[in-house]
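Okay, here's what each chain looks like letter by letter:
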Amino acid sequence: MSTPTGFMEYNRQLPADREPAERVKDWEEFHKLMAEEELQTQGARCMDCGTPYCHTGIDMSGGTSGCPVHNLIPEWNNLVYRGLWREALERLHKTNNFPEFTGRICPAPCEGSCTVGLIGQPVTIKSIEQAIIDKGFEEGWVVPEPPEKHTGRRVAVVGSGPAGLAAAAQLNKAGHSVTVYERSDRVGGLLMYGIPSMKLDKAVVQRRVDLLAAEGVEFIVNTEIGKDIPAQQLVDEYDAVVLCGGATKPRQFSIEGSDLKGVHYAMDYLNGTIKSYLDSNLEDGNYISAKDQDVIVIGGGDTGSDCVATALRHGCSSVTQFGTHKKAPLERDPLTNPWPQFPNVYTLDYAHEEAKALFGQDPREFSIMTTKFVGDEEGNLKELHTIQIERIVDETGRKVYQPIPGTERVFPAKLAFIAIGFDGPESTILDQLGLESDRRSNVKARYGKYTTNVDKVFAAGDMRRGQSLVVWAINEGREAAREVDKYLMGSTVLV
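Residues numbered from 1 in each chain as written. Predicted model: local features only at pLDDT ≥ 70, side-chain atom pairs only at ≥ 80, totals over all residues. Heavy atoms only, no water.

- Under the annotation held in an unreviewed UniProt entry, the protein chain carries the name Glutamate synthase subunit beta and is attributed to Paenibacillus lemnae.
- Turning to the protein chain, the UniProt annotation filed under Pathway (unreviewed entry) states: "Amino-acid biosynthesis." (UniProt positions renumbered as here; feature names shortened; annotations may be inferred.)

Laid out in structure tokens, this is it:
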């Protein structure tokens, strides 16, 4: 506990963001930093709550409650309050390999389950987390820590997203020789190419990758397992293989007109823009440009919001984001959304703030469904036809969406981006190795063991659990590493 009455004495504060109308002119991170004194005050708001739900990390009612990597939040809040930043960094790194990622892009389910939130505003956990790790790098406290001993065991990790990097970091720490295979030209998976730079600066990702390389992890890029190297070859050449390839197969959206020019999947749009920005500051033109276009984003999640923010930076004429969910209430409903569930309340994401600043209103349309795309005589997208929907319980007891007659609308659009989620991993490696899949087409691996039906092969992250949060991917990579270490050595030194 920091101070017994801090949560009563001090109000919650968040770091200021750069002005929306200004930050859309560049691709730099939009968050500003809080002063150390302000962060220490925020740390003082952490209370002695007996059972700190903030680090429970469980699935609850379709969402996450608490921190999936079980961060020791009360401990490092107290250390920050006392000005012991280096000690706070040590506690933070005990549970989280990459707090510089989660401190920037995690939706902070820890804050949703903060006990202070029962009677007021929760502790500013996420901002403190980012401040701890950023200060650690600034002060030179974060340095390569190669393992003192090597076991002689070799492990291949497929995929360099958050799960793959976490697994590699932990297995390397245990003394195993780790090689990470990445099919893209840069390491980082969705951290590098799936999340726009204004949310996560790519220099931040590369800094951690360079650190892992200095600790002994080998990275091989431009190499797709199952295509450039047969999957079985990895099983034959390594003592263990950890599959962390993500859930990258986009959910199909096959309605009338979906084959028109101008209709794209969201990740193609985001990945192309990020790569072009990193390669040439967008000068090569190798991306889908939304400049001077009317843009519709179909899908109400984070990926859809990232498409909105990207289109704004391209200089779109207009942008609208469709979601099938209804507009959330301004305050948590204690009956349908009680603490410590993640609070389902109306907020403006960074992209929505930017759209509102430029166009005067929240760009989202709620409880809406696209019925067809319509094109011109040359096959170019011209408009989207929609209808409002409501969620009902049908005669079988299922919750389904039902169209509301008379609510049809037409939206002009030259570009439409589909951001409705993913249908599990691509099947190449599964087919080549004969891996079993679950009913959602993910690799079937036992939770808590991460073992598949093929000897020596483990699976973790979105490839095992399906599309999820970055913080869950880190958790899975760490836990899978423990099981691999046990498999190789009979016991594990990893925690």
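Anyway, onward from the coordinates.
## Quick notes on the UniProt feature "domain: FAD/NAD(P)-binding" (unreviewed entry) in the protein chain
1) Next: Feature annotation in UniProt places "domain: FAD/NAD(P)-binding" (unreviewed entry) on residues 154–477, given in this structure's numbering.
2) Next: Secondary structure across residues 154–477 divides into 28% helix and 21% strand, with the first and last C-alpha atoms of the span separated by 17 Å. (Helix = DSSP H or I, 4+ residues; strand = E, 2+ residues; numbered from the N terminus.)

## A word on the sheet that holds strand β15 (residues 415–418)
In any sheet, the strands associate via hydrogen bonds between backbone groups, in a parallel or an antiparallel arrangement.
1) Next: The parallel open sheet is built from 5 strands, whose spatial order is β7-β15-β8-β9-β10. Where the open sheet ends on each side, the last strands, each with one partner, are β7 (263–265) and β10 (364–365).
2) Next: Pairing of β7 with β15 involves 3 bridges; the strand directions are parallel. The residue of β15 that forms the bridge with Val263 is Ala416.
3) Next: Here helix α13 (residues 266–280) sits on the sheet and contacts β7 and β15; the angle it forms with β7, its principal contact strand, is near 75 degrees.
4) Next: With respect to the sheet, helix α14 (residues 302–314) is in contact with β8 (294–298), β9 (318–322) and β15, its orientation differing from that of β9 by roughly 180 degrees. (Pairing = 2+ DSSP bridges. Contact = heavy atoms within 4.5 Å. Axes fitted to C-alpha atoms, helices over the stretch in contact; angles between N-to-C directions.)

## Description of the nonpolar core
1) Next: In terms of nonpolar packing, the biggest core is built from 72 residues, with Ile132 and Leu191 touching the most fellow members.
2) Next: Among the elements that line this core, the one with the most residues is helix α18 (residues 470–489), at 8 residues.
3) Next: Per-domain counts for this core show at least three residues from each of domain 1 (6–139) and domain 2 (154–248 + 423–489).
4) Next: Excluding its chain neighbours within four sequence positions, the residues that come into contact with Ile132 are Trp76, Val80, Trp85, Ala88, Leu89 and Leu92.
5) Next: With 28 residues, the next largest nonpolar core counts Ala247, Met267, Ala309 and Tyr350 among its residues. (Core = buried A, V, L, I, M, F, W, Y, C linked by side-chain atoms within 4.5 Å. Buried < 20%, exposed > 50% of the residue type's maximum accessible area, 1.4 Å probe, protein only. Domains from an automatic or database assignment.)

## Quick word on the layout of surface pockets
1) Next: Looking at the second largest pocket, its volume works out to about 850 Å³.
2) Next: Residue lining of the second largest pocket: 34 residues in total, with His93, Glu145, Gln170, Lys173 and Glu215 positioned closest to the centre.
3) Next: Residue assignment for the lining of the second largest pocket shows that the elements contributing at least two residues are α5 (85–95), α9 (162–173), α11 (202–214) and α18.
4) Next: Considering every element that reaches the lining of the second largest pocket, the biggest residue donor is α5, with 5 residues.
5) Next: Classifying every residue of the lining of the second largest pocket gives 15 nonpolar, 8 polar and 11 charged.
6) Next: The residues that make up the lining of the second largest pocket include at least three from each of domain 1 (6–139) and domain 2 (154–248 + 423–489). (1 Å grid on protein atoms, 1.4 Å probe; cavity = no way out; pocket = protein on both sides within 12 Å on 5 of 7 lines; lining within 4 Å. Points joined across faces, edges and corners; volume = space filled by probe spheres on them. Nonpolar A, V, L, I, M, F, W, Y, C, P; charged D, E, K, R; others polar.)

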